[in-house]
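Remarks on the overall topology
Now for the letters of each chain:
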Amino acid sequence: AEAVGPENVLGISMPSRFSSQHSMDDAKYTAEALGMEYATISIDSHHSGIEHHLEQMLEEGSNVAAENIQSRLRGILVMAHANAHGAMAIATGNKSELGQGYCTLYGDMAGGYAPLGDLYKMEVYALARLFNERMGVEAVTESTLTKPPSAELAPDQKDEDSLPPYPILDEILRLHIEDGLDATQITAKGHD
């Protein structure tokens, strides 16, 4: 919003039955604080319909298959809106998520540009705090910065259910990606 002007940015909230109220409230608050357009498109009926059609496959497969349907639905809606309006979709993944495959192909990876793609998760939080400080307003809410990270793709899901805590994960990824260390060398630095 700051780079291209808030009048040129649309934030789309796409809640499902797993979306927490505080996440929806935080998203709306941030959009309003930035002065950008904001829309809500529920994906629940689409999600339920696809689950019904894929019921047997989803019962036989891993939980990841069922969870990623939501992210892919969101990718479809974002790309459809961008295509319909001659706009560019922005991918939401950061370097920590991308480095672990913890962002969904054709879902939250959908977009022509990934502004957070070279920032580790903890750097995203630091940048948000710096942005708030520079703006003189809490555009990114404190609850966004302090609640346990979650893709909210299942009941009470937390990123730490599948990943190490981000401060640890970011350091492991930095050692591997930036310093070129292998698993043995990273373990020697004290990481599991």
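Everything below is about the structure shown above.
Right, let's walk through the structure included here. Note that the structure is a prediction, hence the values are computed from the model and not measured. (Residues numbered from 1 in each chain as written. Predicted model: local features only at pLDDT ≥ 70, side-chain atom pairs only at ≥ 80, totals over all residues. Heavy atoms only, no water.)

**Looking at the side chain of Lys 121**
Note that Lys 121 resides in helix α6 (residues 121-135). With residues up to four places along the chain from it excluded, the contact list for Lys 121 reads Asn 94, Ser 96, Glu 97, Pro 149, Asp 159, Tyr 166 and Asp 170. (Helix = DSSP H or I, 4+ residues; strand = E, 2+ residues; numbered from the N terminus. Contact = heavy atoms within 4.5 Å.)

**Focus on the environment of Lys 28**
Following the sequence through the fold, Lys 28 ends up in helix α1 (residues 21-34). Take Lys 28: its relative accessible area is 42%, and that puts it in the partly exposed class. Taking the C-alpha atoms as reference, Lys 28 lies 8.6 Å from Gly 11; in sequence the two are 17 residues apart. (Buried < 20%, exposed > 50% of the residue type's maximum accessible area, 1.4 Å probe, protein only.)

**Topic: the packing of aromatic side chains**
Following the criterion strictly, the structure yields 0 aromatic pairs and no others. One residue, Lys 121, lies across the ring of Tyr 166, its end atom 5.1 Å from the ring centre. (Phe/Tyr/Trp six-rings, centres within 6.5 Å; stacked < 30°, edge-to-face > 60°. Lys NZ or Arg CZ within 6 Å of the ring centre and 35° of its normal.)

**Some details on the nonpolar core**
Grouped together as the largest cluster of nonpolar side chains are 5 residues: Tyr 120, Leu 163, Tyr 166, Leu 169 and Leu 173. Discounting chain neighbours no more than four positions away, the residues touching Leu 173 are Lys 95, Ser 96, Gly 99, Gln 100, Tyr 120 and Glu 178. (Core = buried A, V, L, I, M, F, W, Y, C linked by side-chain atoms within 4.5 Å.)

**A short note on the pairing of strand β2 (residues 37-40)**
The two faces of the sheet receive side chains in turn, since in a regular strand these alternate between them. Pairing analysis gives 4 bridges linking strand β1 (residues 10-13) to β2, with the strands arranged parallel. Looking across to β2, one finds that Ile 12 is bridged to Ala 39. Taken together, β1, α1 and β2 constitute a β-α-β crossover, and its handedness is right-handed. (Pairing = 2+ DSSP bridges. Right-handed = clockwise from strand over helix to strand, strands pointing away.)

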